[in-house]
Amino acid sequence: MPHLPDVVLWSIPAFVLLTALELVSYRLRPAEESGAAGYAAKDAATSIGMGLGSLAFDALWKIPIVAVYAGIYELTPLRVPVLWWTLPLMLLAQDFFYYWSHRGHHVVRILWACHVVHHSSRKFNFTTALRQPWTSLTVWPFYVPMIVLGVHPAAVAFCSSANLVYQFWVHTERVGRLPRPFEYVLNTPSHHRVHHASQGGYLDRNFGGILIVWDRLFGSFVPEGERPVYGLTKNIDTYNPLRVATHEYAAIARDLRAARGWRERAGRVFRGPGWQPARLTPTKDEASTGDVPPGGAQAPGSRAAAPERVA
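These remarks concern the structure in this document. (Residues numbered from 1 in each chain as written. Predicted model: local features only at pLDDT ≥ 70, side-chain atom pairs only at ≥ 80, totals over all residues. Heavy atoms only, no water.)

### Some words on the overall build of the protein chain
In terms of regular secondary structure, the protein chain is built from 13 helices and 0 strands. Listing the helices and strands of the protein chain from first to last along the sequence gives α-α-α-α-α-α-α-α-α-α-α-α-α. Residues classed as buried in the protein chain amount to 48% of the 311 residues present. As presented, the protein chain carries roughly 15,300 Å² of accessible surface, and 69% of it is formed by carbon and sulfur atoms. (Helix = DSSP H or I, 4+ residues; strand = E, 2+ residues; numbered from the N terminus. Buried < 20%, exposed > 50% of the residue type's maximum accessible area, 1.4 Å probe, protein only. Areas by Shrake-Rupley, 256 points an atom, 1.4 Å probe, with all protein chains shown as cover.)

Here you go:
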């Protein structure tokens with residue numbers, strides 16, 4: 001097993017320092033003056049609580065994931081040694097698969113139920129980076145190709161941690177646009193502000209982790225223009241960590257109970273988060289909320305809450 005550092009653990013002092021500096025910057029120049037989203041005590045506390053909870057749940061999910069990865073690694077005849085020149089290639093591969101994992105978690109509702117947690121804050125600051133899901137068991141299949149190609153599971157974990165640590169600093173409004181070469185290649189605060197915005201033109205864009213080139217290659221890139229409005233298209237209005245972690249799963253369960261047949265049930269789980277079945281008449285709940293588009297179809301914006309709409 002390769003001996004690689006725990007980059008998340010080693011980065012905690014930097015997370016604390018950067019958050020403190022950002023807080024001081026808002027004291028010196030309040031959000032109202034700069035037009036930024038700024039900080040709110042309850043929101044920041046929820047984000048930190050979600051981050052601490054994710055550490056505990058991730059430790060639990062790692063047990064079956066490591067077992068599956070180890071089994072696949074033993075079955076594949078390929079081996080990629082951890083060397084000074086192979087590690088950057090592993091990081092590049094992991095970032096590529098992260099892009100598809102991230103994109104998948106926006107366009108498949110059962111995956112979005114996990115990832116929606118990270119988008120549930122209407123603030124955008126360094127504590128938002130800590131607002132992580134408690135159900136990350138849905139992520140592991142996207143990295144199976146790396147294991148099949150002979151990358152040790154510990155190396156995959158290291159690359160994933162490095163990617164996560166990199167993304168901490170892009171959750172801020174205190175950094176404007178960087179010089180053009182950096183903006184073209186790397187995921188930056190400007191690009192990630194777009195990703196967290198709830199406006200229609202910004203929805204489901206800029207999925208990159210470390211590199212933004214994947215978005216440019218696969219048609220999901222949008223530059224920052226108008227000021228982003230953060231959060232969901234239908235916000236959940238709660239600071240309860242348990243509700244933040246589970247609200248979309250609860251919405252899926254409600255929709256499954258109200259579904260008219262297996263085709264609709266499958267759509268409620270595996271289609272986009274805003275998907276609606278084609279119906280001649282809406283259900284009673286949908287008629288009361290006006291949430292069904294004419295003729296069914298896809299509701300605008302996959303970041304919309306599920307058909308019953310959390311509130």
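### Thoughts on the packing of aromatic side chains
By the definition in use, this model includes 15 aromatic pairs. Three or more aromatic residues joined by ring pairs form one cluster here, namely F96, F97, Y99, W100, F207, W214 and F218. For R265, the ring lying beneath its charged end belongs to W262, and the centroid distance is 4.6 Å. (Phe/Tyr/Trp six-rings, centres within 6.5 Å; stacked < 30°, edge-to-face > 60°. Lys NZ or Arg CZ within 6 Å of the ring centre and 35° of its normal.)

### Some remarks on the packing of helix α11 (residues 241-258) against helix α12 (residues 262-270)
Running from amino to carboxyl end, α11 crosses α12 at an angle of 170°, the nearest separation of the two axes being 9 Å. Classed by the angle they form, the pair α11 and α12 counts as roughly antiparallel. Here α11 contributes I252, D255 and L256 to the contact with α12, which in turn contributes R265, R268 and V269. (Axes fitted to C-alpha atoms, helices over the stretch in contact; angles between N-to-C directions. Parallel < 35°, antiparallel > 145°, perpendicular 65-115°, else oblique. Contact = heavy atoms within 4.5 Å.)

### Section: the side chain of R131
Tracing the backbone through its elements, the reader meets R131 in the loop between α5 (109-115) and α6 (144-148). Since its relative accessible area comes to 1%, R131 is described here as buried. Among the polar contacts listed, one links the side chain of R131 to the side chain of S47, at a separation of 2.9 Å. Not counting the four nearest positions on each side in its chain, R131 is found in contact with D43, T46, S47, M50, V117, H118, S120, S121 and V244. (Polar contact = N/O pair within 3.5 Å; in protein donor to acceptor, adjacent residues only side chain to side chain.)

### Concerning unusual backbone geometry
Positive phi, normally seen in glycine, also occurs at D204, with a value near 60°. Here D204 lies in the loop between α9 (189-196) and α10 (213-217). A relative accessible area of 16% places D204 in the buried class. Backbone geometry places N206, a non-glycine residue, at a positive phi of 55°. Judged by relative accessible area, which is 0%, N206 ranks as buried.

### Looking at a nonpolar patch on the surface
A cluster of nonpolar side chains, L83, W84, W85, L89 and L92, forms an exposed patch at the surface whose accessible area comes to about 600 Å². Tracing the sequence through the fold places W84 in the loop between α3 (41-75) and α4 (86-107). Residue class for W84 comes out exposed when judged on its relative accessible area of 76%. (Patch = residues over 30% accessible without salt bridge, like charges linked within 9 Å, V, L, I, M, F, W, Y side chains within 5 Å. Salt bridge = Lys/Arg side-chain N within 4 Å of Asp/Glu carboxyl O.)

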